[in-house]
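Below, each chain spelled out in residue letters.
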Amino acid sequence: MKVPLNWLRDYVDINVSPKEFANALTMSGSKVEGLETLGEEISRVVVGKILSLEKHPQADKLQVSKVDVGNEVLQIVTGAQNIRVGDYIPVALDGSTLPGGKKIEKSMLRGVESNGMMCSIQELGLSLEDYPNAAEHGIFILEKDLPLGKDIREVIGLNDTVVEFEITPNRPDCLSMTGIAREAAVALNTRFTKPEIAVKEEGGPVDEYASVEVKDRDLCLRYAARVVRGVKIAPSPKWMRERLRAAGVRPINNIVDITNYVMLEMGQPMHAFDMDYLQEKRIVVRRASEGETIKTLDGQERKLDSSMLVIADAKRPVGVAGVMGGENSEITEKTRDILFESAVFDGTSIRLTSKKLGLRTEASSRYEKGLDVENAIAAVNRAAQLVEELGAGTVCKGVIDCYGKKWEQRSIKFRPERINSLLGTSIKAADMLNILKALEFEYDEANMLLKVPSFRADVEREADLAEEVARFYGYNNIEPTLLPGKTTTVGKKTFKQKVEDIIKNTMAACGLYEIYTFSFTSPKVFDRINLPADSPLRNAVVISNPLGEDFSIMRTTTIPNMLEVIATNYNRRMESVKLFELSHVYLPQGTDHSKLPHEKQVLTLGMYGNVDFYDLKGIVEDLLSALGIKDFEFGPEKDFPAFHPGRTARLVVNQQGIGVLGEIHPEVAENFEGPERTYIGVIEVEPLIRAASLTAQYKPLPKFPAVSRDIAMLVRDGILVKQIESVIREKGGEIVEAVKLFDVYKGKQVPEGMKSVAYSITFRTRERTLTDEEVNRAVHEILEGLKNNFGAQLRE
C-alpha cells in the first residue's frame, strides 16, 4: 500500500518528519517497507517565461530564446517548434539533474551559448496520462502566471514523500488512506478527520433508471449502486492525477479515476458500468452458468464455472464480481449514463475465482481479505460527491441498497485490570479508553462494554483489546519482567542439543559450510543414485497435495539433495566446495500409512575439489574425537550402488554400522552433472548421541620414557590396515601406547599380490621404565601373532 503524505495530510496532522512518521507507524504495528521521495532525481529545474525568440544565425532548425527564471534572464538555444513568446516552461539550469541521472550544463550550440535547457514532460519523468494536454513531442507548456523561478517539483506535484506499508491480511481497513490516517492520528496523538460526504442529487429518482437483484446472497453480502446521468468523460483534474500517480495508479479518465480514488481513499473497490450497454437497465448478481464466458477489461476471453459470482444484466455477464469488469460495459468517451457499483462480496469466493482465472487485481486483493459491509454506502456516496465536484455529471436521487443479513456489532467486556495483567503494565483505565475511543471503539459506561467498529473484524476478544492498548501505549514503554512463579530456573540445552552443537561447530571448524535442503523430493532421484528396484529406500511417504512431481514424496535419503547442491556449485565454477547438512529422512512404518513416518536424523557431508577420501575420513574422525567416542572403526563398503565400490568405507560405532562415506560412483556423479570425484558421507545422529561422552577427564603427562620399535612386513594385498593394528594391540598388551602406519609399498621388490607395510609402535607404562627385555618380548609376540593370523613375513 503506497501512501503519499501530501494526500494523507487531508485527514491527519503529520507533525513529524517522514522518517519519524515511518518509525512511529512501524512501532504501532503498521510495518513500513520503505520511503520514496518523489522528484528526488530532479534538481535546479524551475519555472521560466519566454521573453523572446529569434532564429539561430547558423542553424535553420534552432531558435535562440531569452527566458526569465525569476532572478535572471537566460539565453537558451532550443530546437522546439511548439513554443511561443509568453509561454511558461520548465527550465533546467546550468548544473541541474533530471531523471535517469542526466546532467545539464551550459554549452555552445553552433557558436551560440546556451545556459540551460527547456524540458518536455518525458524529460521530467512524466507522461501524457499525467498531463493529457501536454505536447507529446515538444516542450511542456505550463499554465500561465506561475511564480518565475519556482521549483518545478512543486508545480508538477513531485514535492511529496510516499510511504509504502506492508499490510497484514487481518487489517484490510489499513488498505486505505483513511485507515492509515486513523492509525497515524493515534500514533502521533493528533486529530483524525474523515472526508465530509454530501451529495446534492439533482437528477431524478434512481429507481426510474436502474434496478438491482441479488440472487446469491451468500456470496454477495451487500450491493449498493448509484446512477449518474449526462456524464462528461474528460481527464481528471491535476490534483487527482497527481495523487493517483503518487499512489501507483495510472490516471485514465475522470470516471475511472474516481472509482480508483475512492478505493484508495476509503478501501472500498468500486466499478462503473456504461448503462447504455446494460440490457433492460438491470443488474443481476448471480453465480455464473457452467461454461459461460466473458471478455474482461484486459481483453482476455475467460471461461467461467458455477462456483464463480458474476455481475450480469438481464441476459449476460458484464463483470466478474470483485475481480474485473467486462469489456462489454466499460466506460468510453461516448458514455453518457453510468451506474456506480459499491459491493461487499464473500472473500473466500473472490480468492478462489481469482485463482481459477489466474487474474489478481487491486480489487480482488482487497475483497479476499474481507471488507467492512458498513462502508459500501459511504463509498458510493463519496464517488457521487466527486462526480458533482468535478462537474462530470448529474447524480440521481437515492441509492439502490441490497443488504441481506445486517451486520451485528460485537461487544467486549472492558476490564482494565485484566488488560494490565495480560500486558504486565499498570496503565490507567482512562488512558486505555482514550486509545480505544481514538480508534473509534464506542464505550458503554453503564455496562462497561466496548463496541467494536465494523471495520475491525479482527478484534474478537479481550486479548485483542489488550493488543490495541499495547500498540499505542508503546511496546518500548512496557518494562520487561520475569515470568511469575515461586521459583525461577535457568534454562539449559538438552544432551541432544549439545551434541548437535558440537557436530555443527566441528564441521565449521573443519571448513564445511552448512546448508538446508527441502524434505520434499521426486521419486526420480532413486534412479539417479542407482538405487536397486527392491531397495527399502524406495518406499517413501507420498504427499497427498504436492506442489508438483519434483516435490511429491518425503525423502528417504539425503544423498540426492547434497549432490544437487554440489552440482549447482560446480556448474557455477566453484573450484572446491565442502558442505554439511544436519537434517532428517522420513521412513514409513510398515504399510500402515495412517502412522506418522519415523524421522531419522542424519548428518550429511559433501565435498569436491582439492580433497580426497582421506580428507573426508579425517573430518569424521575429528567429529568422533570431539564427541568422546573411542570405540569405532572403518570397514570396506561395496554394497551401496551410489558409491564407488573400491573407495567407500562403512563407519562402525560400538559394533553397530551407523554410516557410510566415500567417493560417489562416476555414473551417479554424471547423472547429477557434478564433478567426477565427489565425496559424500551419511551418518546417523542418534547412535552418535548414545555413544557420545562429553565429560572431560584429566590425564597427567607420563612420568616414564617411551620405547619405540619399527617393524616392516610383507602381507597379502587384501589384508586391511585395521586388522593388522588390532593384532598389534592385542598381542602387545597394555604396554602398547600407540600404533602408527608410516609406509605402504608395492613394487618390483615385492611379490605380486603382496604389499609391504611398516609400523612405528610406541611402548610405555605409567608405573615404571620398561626394560629392553619386556619390549623385545612384546615385539616377538606381535610378530608371531601377525604370522599366525595373516602369514606376515618380517622384512629385514
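The model shown is predicted, which means the values in this text are computed figures rather than measured ones.

A. Focus on the overall build of the chain. Secondary structure summary: the chain contains 20 helices and 39 strands in total. Across its three principal axes, the chain shows a C-alpha extent of roughly 125 × 85 × 60 Å. Each of the 796 residues in the chain was classed as buried or not, and the buried ones make up 48%. For the chain, the exposed area adds up to about 40900 Å²; of that, 47% sits on carbon and sulfur atoms. Once the 103 positive and 117 negative side-chain charges of the chain are each reduced to a mean point, those two points are 2 Å apart.

B. Seen up close, the pattern of salt bridges. Applying the stated criterion to the full structure yields 53 salt bridges. Note that Arg171 and Glu183 form a salt bridge whose closest N and O atoms lie 2.8 Å from each other. One end of the pair, Arg171, is in the loop between β11 (161-166) and α4 (177-188); the other, Glu183, is in helix α4, and 12 residues separate them in sequence. The two residues Arg171 and Glu183 agree in class, both being buried. For the salt bridge of Arg182 with Glu440, the shortest nitrogen-to-oxygen distance reads 2.8 Å. Of this pair, Arg182 sits in helix α4 while Glu440 sits in the loop between α11 (429-438) and β25 (442-444), placing them 258 residues apart in sequence. Under the relative-accessibility criterion, Arg182 is labelled buried at 8%. Linked by salt bridges that have partners in common, Arg171, Asp173, Glu183, Arg456, Asp458, Glu468 and Arg471 make up one network.

C. Representation of the nonpolar core within the structure. Counting 51 residues, the largest nonpolar core has Leu8, Phe21, Phe165, Ile255 and Phe340 as its most contacted members. With seven residues, the single largest contributor to this core is helix α6 (residues 254-266).

D. Spotlight on a negative patch on the surface. On the surface, a cluster of negative charge is contributed by Glu36, Glu40, Glu41 and Glu164. In this fold, Glu164 is placed in strand β11. With relative accessibility at 37%, the residue Glu164 sits in the partly exposed group.

E. Region of interest: the sheet that holds strand β30 (residues 577-587). Strand order across the open sheet formed by seven strands is β27-β30-β31-β35-β34-β33-β32, with mixed pairing between neighbours. What marks the edges here is a single partner per strand, and that holds for β27 (513-514) and β32 (632-636). Relative to β30, β27 runs parallel, the two sharing two bridges. Opposite Tyr513, over in β30, you have Leu579 as the bridge partner. The sheet contacts of helix α13 (residues 495-509) involve β27, β30 and β31 (598-608), and relative to β30 the element is tilted by about 150°.

F. Representation of the packing of α6 against helix α9 (residues 376-389) in the model. One way to put it is that α6 packs onto α9 with a least axis distance of 10 Å and a crossing angle of 135°. As judged from the angle between their axes, α6 and α9 are oblique. Crossing geometry of α6 relative to α9 is assigned as right-handed. Of the residues in α9, those in contact with Ile255, Ile258, Tyr261, Val262, Glu265 and Met266 of α6 are Ala378, Ala379, Arg382, Ala383, Leu386 and Val387. Residues that form the contact of α6 with α9 fall into these classes: 10 nonpolar, no polar and two charged.

G. Local environment of the environment of Arg461. Its location among the elements puts Arg461 in the loop between β26 (449-451) and α12 (462-473). Assessed through its relative accessible area of 47%, Arg461 is described here as partly exposed. A polar contact is formed between the side chain of Arg461 and the side chain of Glu460, at a distance of 3.3 Å.

H. Representation of the sheet that holds strand β12 (residues 211-214). Taken together, five strands build an open sheet; the order of strands is β12-β15-β18-β19-β20 and the sheet is mixed. In this open sheet, the two edge strands, each paired with only one partner strand, are β12 and β20 (324-325). Here two bridges tie strand β19 (residues 317-320) to β20, and the two strands are oriented antiparallel to one another. Across the sheet, the residue bridging to Gly319 is Gly325, located in β20.

I. Just α12, in detail. Compared with the 16 Å implied by 1.5 Å per residue over 12 residues, the 16 Å span of α12 between its first and last C-alpha is a close match. The buried fraction of α12 amounts to nine of the 12 residues, a majority that puts the element mostly inside the structure. Taken as a whole, α12 has its buried residues at Glu462, Asp464, Leu465, Ala466, Glu468, Val469, Ala470, Arg471 and Phe472. Considering only its buried residues, α12 is in contact with α2 (18-27), α4, β24 (411-413), α10 (416-423), α11 and β26.

J. Highlighting the pairing of strand β3 (residues 43-56). Of the strand pairs in this sheet, β3 and strand β6 (residues 88-98) are connected by six bridges, and their pairing is antiparallel. Within the sheet, the bridge partner assigned to Gly48 lies in β6 and is Ile89. The sheet contact formed by β3 and strand β4 (residues 59-68) spans seven bridges and is antiparallel. Within the sheet, the bridge partner assigned to Lys49 lies in β4 and is Asp68. Between β3 and β4, which pair antiparallel in sequence order, lie two residues.

K. Geometry of unusual backbone geometry. A positive phi angle, close to 60°, is found at Asn530, a residue other than glycine. Residue position: Asn530 is located in the loop between α14 (525-528) and β29 (553-554). The phi angle at Glu673 is positive, at roughly 55°, despite the residue not being glycine. Along the chain, the position of Glu673 falls in the loop between α17 (666-671) and β35 (678-684).

L. The arrangement of the packing of helix α5 (residues 238-246) against α6 in detail. Interaxial distance between α5 and α6 falls to 11 Å at its minimum, and their mutual angle equals 55°. Classed by the angle they form, the pair α5 and α6 counts as oblique. Here the hand of the crossing between α5 and α6 comes out left-handed. On α6, the residues that touch Trp239, Met240, Arg243 and Leu244 of α5 are Asp257, Ile258, Asn260, Tyr261 and Leu264. Its residues assigned to classes, the contact of α5 with α6 comprises six nonpolar, one polar and two charged.

M. Region of interest: α2. Of all the positions in α2, only Phe21, Ala22 and Leu25 are classed as buried. Down the axis of α2, the buried side of the element spans an arc of 100°, and every buried residue falls inside it. The inward-facing, buried residues of α2 abut α1 (5-8), β2 (31-37), β11 and α4. A positive backbone phi angle near 110° is found at Gly29, which sits one or two residues after α2.

N. Region of the structure containing the packing of aromatic side chains. This structure, assessed with the given rule, holds 10 aromatic pairs. For the ring pair Trp239 and Tyr261, a centre distance of 5.7 Å and an interplane angle of 90° mean the geometry is edge-to-face. Of this pair, Trp239 sits in helix α5 while Tyr261 sits in helix α6, placing them 22 residues apart in sequence. Residue classification places Trp239 among the partly exposed residues on the basis of a relative accessible area of 35%. Put simply, the rings of Trp7, Trp239 and Tyr261 pair up and form one aromatic cluster. Above the ring of Phe455, the side-chain terminus of Arg182 is found at 3.9 Å from the ring centroid.

O. The environment of Lys238, seen in detail. By the secondary structure assignment, Lys238 is in helix α5. Along the primary structure Lys238 and Ala692 are separated by 454 residues, whereas in three dimensions their C-alpha atoms are 75 Å apart. Not counting the four nearest positions on each side in its chain, Lys238 is found in contact with Tyr131, Glu143 and Val155. Separated by 2.7 Å, the side chain of Lys238 and the backbone oxygen of Val155 make a polar contact.

What counts, and at which threshold
Residues numbered from 1 in each chain as written. Predicted model: local features only at pLDDT ≥ 70, side-chain atom pairs only at ≥ 80, totals over all residues. Heavy atoms only, no water. Helix = DSSP H or I, 4+ residues; strand = E, 2+ residues; numbered from the N terminus. Buried < 20%, exposed > 50% of the residue type's maximum accessible area, 1.4 Å probe, protein only. Areas by Shrake-Rupley, 256 points an atom, 1.4 Å probe, with all protein chains shown as cover. Lys, Arg positive; Asp, Glu negative; His and termini not counted. Charge placed at Lys NZ, Arg CZ, Asp CG, Glu CD. Salt bridge = Lys/Arg side-chain N within 4 Å of Asp/Glu carboxyl O. Core = buried A, V, L, I, M, F, W, Y, C linked by side-chain atoms within 4.5 Å. Patch = residues over 30% accessible without salt bridge, like charges linked within 9 Å, V, L, I, M, F, W, Y side chains within 5 Å. Pairing = 2+ DSSP bridges. Contact = heavy atoms within 4.5 Å. Axes fitted to C-alpha atoms, helices over the stretch in contact; angles between N-to-C directions. Parallel < 35°, antiparallel > 145°, perpendicular 65-115°, else oblique. Left-handed = near helix turned anticlockwise from the far one by under 90°. Nonpolar A, V, L, I, M, F, W, Y, C, P; charged D, E, K, R; others polar. Polar contact = N/O pair within 3.5 Å; in protein donor to acceptor, adjacent residues only side chain to side chain. Expected span 1.5 Å × (residues − 1). Arc of directions from axis to C-beta. Phe/Tyr/Trp six-rings, centres within 6.5 Å; stacked < 30°, edge-to-face > 60°. Lys NZ or Arg CZ within 6 Å of the ring centre and 35° of its normal.

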